[in-house]
Amino acid sequence: MRRALVTGATGMLGSYIVRQLVASGFAVRALVRRPGDAGWLRELGAELVQGELADVPSLRAAAAGCDAAFHAAAAIGPEPTWETFRIGNVEGTAHVVDACAHAGARLVHVSSTAVYGDSRYQLAPVDEGIALPALPEADAYGRSKQEAERVVLEAHASKRIWAAIVRPPIMYGERDRQFAPRIAVAFRRGIFPLCAGGETTLPMVHANAVAGAPFSCSDPRFFAQAGDASSTTLYEGRYDAQGKSVWTALPNGTVTSASNNLYNALAFNPVDSFLYGT
């Protein structure tokens, strides 16, 4: 049986990756800091392994015997300091690379469209060949994700490990602690800012759809080198005359051909019961 390690397993995306790996026949190890608070992952079929990104020995032990590792853990949120993101995203990723190198495991690293800076909102098709821009000092998160990617790509280029990178946009789904909680406050008040006259669009995708890309990236039949399985379709949220939410797919999404074909083949629906509450 193939074995996989998932970091960030208690988070939104990580938990969906765990589900899909278990359903696909993997033996899954979930790296958690407090196993006592993650019993629900065991119920999904995962083996809980205590550790954290800063603890190199625990990471090596967790990765031992694994065929693949899915690095979904990351420092996120409004914290403005570079050091917070550097430790969590750059050093943490370097430690995961080290663990994979010792275990001989393939690595799928979850990055973000934040590496493109503000250009990610320009609704122009991009792929992994585009040069990443130099980001302003204030964009500590985006810069940390760029640096984390460099760590992964350098390890891949030197053949220290085999790696692939996934760059999702804003995600939503169960256990969302970032996007939905923030906009829910405005929705509850019945007031929401109308940006650019209501013409502003926002790239977003359900975490379950994104979870399919990391799983398939670990299979050499889909990806032979490190690359970008970027976002799926862009969705535009609006309200109709009756006040019902309406989500429509935009014609010009930020989609690489590889990820677009992958999602279509797996038939994932980016809008599910979380949005509609059914």
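Above this note sits the structure.
Predicted model, so just to flag it, every value in this text is computed and none were measured.

(A) Looking closely at the overall build of the protein. A tally of helices and strands in the protein yields nine helices and eleven strands. Burial status across the protein gives 47% buried among its 278 residues. Counting contacts in the protein only where the partners sit at least 6 residues apart, residues at least 24 apart contribute 69% of the total. When the accessible area of the protein is evaluated, it comes to approximately 13,600 Å², of which 53% is carbon and sulfur surface.

(B) Representation of unusual backbone geometry within the structure. The residue Lys159 is not glycine, and still its phi comes out positive at about 65°. Judged by relative accessible area, which is 74%, Lys159 ranks as exposed. Phi is positive for Arg175, close to 65°, though the residue is something other than glycine. Structurally, Arg175 is set in the loop between β7 (170-172) and α6 (179-189).

(C) Examining the nonpolar core more closely. Val6, Leu13, Ile17, Leu21, Leu41 and Phe70 are the most contacted members of the largest nonpolar core, which has 29 residues in total. Counting only elements with at least two residues in this core, the list comes to β1 (3-7), α1 (12-23), β2 (27-32), β3 (46-50), β4 (68-71), β5 (106-110) and α7 (207-217). By residue number, the principal contributor to this core is α1, which donates six residues. Counting 21 residues, the second-largest nonpolar core is a separate cluster that includes Leu31, Leu53, Leu59 and Ala105.

(D) Spatial organisation of α1. For α1, which comprises twelve residues, the first-to-last C-alpha distance of 17 Å matches the rise-based estimate of 16 Å (1.5 Å per residue) to within 8%. For α1, the buried fraction is high: nine of the twelve residues fall into the buried class. Buried residues of α1: Met12, Leu13, Gly14, Ser15, Tyr16, Ile17, Val18, Gln20 and Leu21, and no others. Trailing α1 by a residue or two, Gly25 shows a phi angle of about 95°, which is positive.

(E) Examining the state of the cysteines more closely. For the structure shown, the criterion picks out zero disulfides. No disulfide involves Cys66; its sulfur sits 8.5 Å from that of Cys100, the nearest cysteine. When its relative accessible area of 3% is taken as the criterion, Cys66 is described as buried. Its relative accessible area of 1% is what places Cys100 among the buried residues.

(F) Highlighting α6. Within the span of α6, buried status applies to Phe179, Ala180, Ile183 and Ala186. The buried side chains of α6 occupy one side of the element, clustering within an arc of 130° when seen end-on. Within α6, the exposed residues directed more than 90 degrees away from the buried face are Arg182, Arg188 and Arg189. One or two residues past the end of α6 sits Gly190, with phi positive at roughly 80°.

(G) Quick peek at the pattern of salt bridges. All chains considered together, the criterion is met by eleven salt bridges. The partner of Glu47 in a salt bridge is Arg29, with the nearest N and O atoms 3.5 Å apart. Of this pair, Glu47 sits in strand β3 while Arg29 sits in strand β2, placing them 18 residues apart in sequence. Under the relative-accessibility criterion, Glu47 is labelled partly exposed at 39%. Across the pair Asp98 and Arg60 runs a salt bridge, and its minimum N-O distance is 2.7 Å. Highlighted residues: Asp98 in helix α4 (residues 82-103) and Arg60 in helix α3 (residues 56-63), separated in sequence by 38 residues. By relative accessible area, which is 12% here, Asp98 ends up buried.

Cut-offs applied
- Residues numbered from 1 in each chain as written.
- Predicted model: local features only at pLDDT ≥ 70, side-chain atom pairs only at ≥ 80, totals over all residues.
- Heavy atoms only, no water.
- Helix = DSSP H or I, 4+ residues; strand = E, 2+ residues; numbered from the N terminus.
- Buried < 20%, exposed > 50% of the residue type's maximum accessible area, 1.4 Å probe, protein only.
- Contact = heavy atoms within 4.5 Å.
- Areas by Shrake-Rupley, 256 points an atom, 1.4 Å probe, with all protein chains shown as cover.
- Core = buried A, V, L, I, M, F, W, Y, C linked by side-chain atoms within 4.5 Å.
- Expected span 1.5 Å × (residues − 1).
- Disulfide = S-S within 2.5 Å.
- Arc of directions from axis to C-beta.
- Salt bridge = Lys/Arg side-chain N within 4 Å of Asp/Glu carboxyl O.

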